[in-house]
Amino acid sequence: MADEDINEKISIAILFSICFGILFLIILYLVTDLSWLLLLVFTGLYMGIHPFIGKFFLAISLKLARANDNAFHLEGDNSWEKALNRSGILYSSAWPVAAPPYIVVAAISALYGSSFKS
């Protein structure tokens, strides 16, 4: 069961990466005057670094999730860190839309929680 779950998550993560690569290609095409060969090269480079950027945002988000768990004494199923670890590969692949709002909300929550920590 766990192997099927991780395979499904990897498949969805690959689809997210391909979709963001296509979106990147479209944006480059609309805002630049590059040849198709250069557009494809830049898109390939972006798709190559896309997972590493997502891993960077996941590391930041996990630190904020850990800070929230400590500030609000969350454990088990209520833990932000556990929930983020469960969906880490999907979060990393969808970082352009998932990471900015999560980081803002988690940072505000961690600051709020730590300011009233006794």
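A brief look at the structure comes next. Model, not experiment: these values are computed from the prediction.

## Section: the overall build of the protein
Then comes step 1: Summing up its helical and strand segments, the protein has five helices and zero strands in all.
Then comes step 2: Helices and strands in the protein line up, N terminus first, as α-α-α-α-α.
Then comes step 3: In terms of overall dimensions, the protein is more spread out than a globule: its C-alpha atoms have a radius of gyration of 18 Å, far above the 13 Å expected for 118 residues.
Then comes step 4: Projected onto its principal axes, the C-alpha positions of the protein cover 60 × 40 × 15 Å.
Then comes step 5: Classification of the 118 residues of the protein by burial places 31% in the buried group.
Then comes step 6: Taking all contacts inside the protein whose residues are at least 6 apart in sequence as the whole, residues at least 24 apart take part in 63%.
Then comes step 7: Just so you have it, the protein exposes about 7,900 Å², and 71% of that area is on carbon and sulfur atoms.
Then comes step 8: The positive charge centre, built from 7 side chains, and the negative charge centre, built from 9, are 10 Å apart in the protein.

## Points about the nonpolar core
Then comes step 1: Core analysis: the largest hydrophobic core is formed by 14 residues, its most contacted members being Leu-58, Leu-84, Tyr-91, Ala-99, Tyr-102 and Ile-103.
Then comes step 2: Breaking this core down by element, the ones donating at least two residues are helix H2 (36-72) and helix H5 (95-115).
Then comes step 3: Apart from the residues lying within four places of it in its own chain, the contact partners of Tyr-91 are Phe-57, Leu-58, Ser-61, Leu-84, Ala-98, Ala-99, Tyr-102 and Ile-103.

## Regarding unusual backbone geometry
Then comes step 1: Non-glycine residue His-73 carries a positive phi angle of around 55°.
Then comes step 2: One can find His-73 in the loop between H2 and helix H3 (80-86).

## Side note on the side chain of Thr-43
Then comes step 1: With respect to the helices, strands and loops of the structure, Thr-43 is situated in helix H2.
Then comes step 2: For Thr-43, a relative accessible area of 7% puts it in the buried group.
Then comes step 3: Among the polar contacts made by the side chain of Thr-43, one reaches the main-chain carbonyl oxygen of Leu-39 at a distance of 2.7 Å.
Then comes step 4: Those residues in contact with Thr-43, other than ones at most four positions away along the chain, are Gly-21, Phe-24, Leu-25 and Leu-28.

Reading guide: rules and limits
- Residues numbered from 1 in each chain as written.
- Predicted model: local features only at pLDDT ≥ 70, side-chain atom pairs only at ≥ 80, totals over all residues.
- Heavy atoms only, no water.
- Helix = DSSP H or I, 4+ residues; strand = E, 2+ residues; numbered from the N terminus.
- Rg over C-alpha atoms; globule rule 2.2 N^0.38 Å.
- Buried < 20%, exposed > 50% of the residue type's maximum accessible area, 1.4 Å probe, protein only.
- Contact = heavy atoms within 4.5 Å.
- Areas by Shrake-Rupley, 256 points an atom, 1.4 Å probe, with all protein chains shown as cover.
- Lys, Arg positive; Asp, Glu negative; His and termini not counted.
- Charge placed at Lys NZ, Arg CZ, Asp CG, Glu CD.
- Core = buried A, V, L, I, M, F, W, Y, C linked by side-chain atoms within 4.5 Å.
- Polar contact = N/O pair within 3.5 Å; in protein donor to acceptor, adjacent residues only side chain to side chain.

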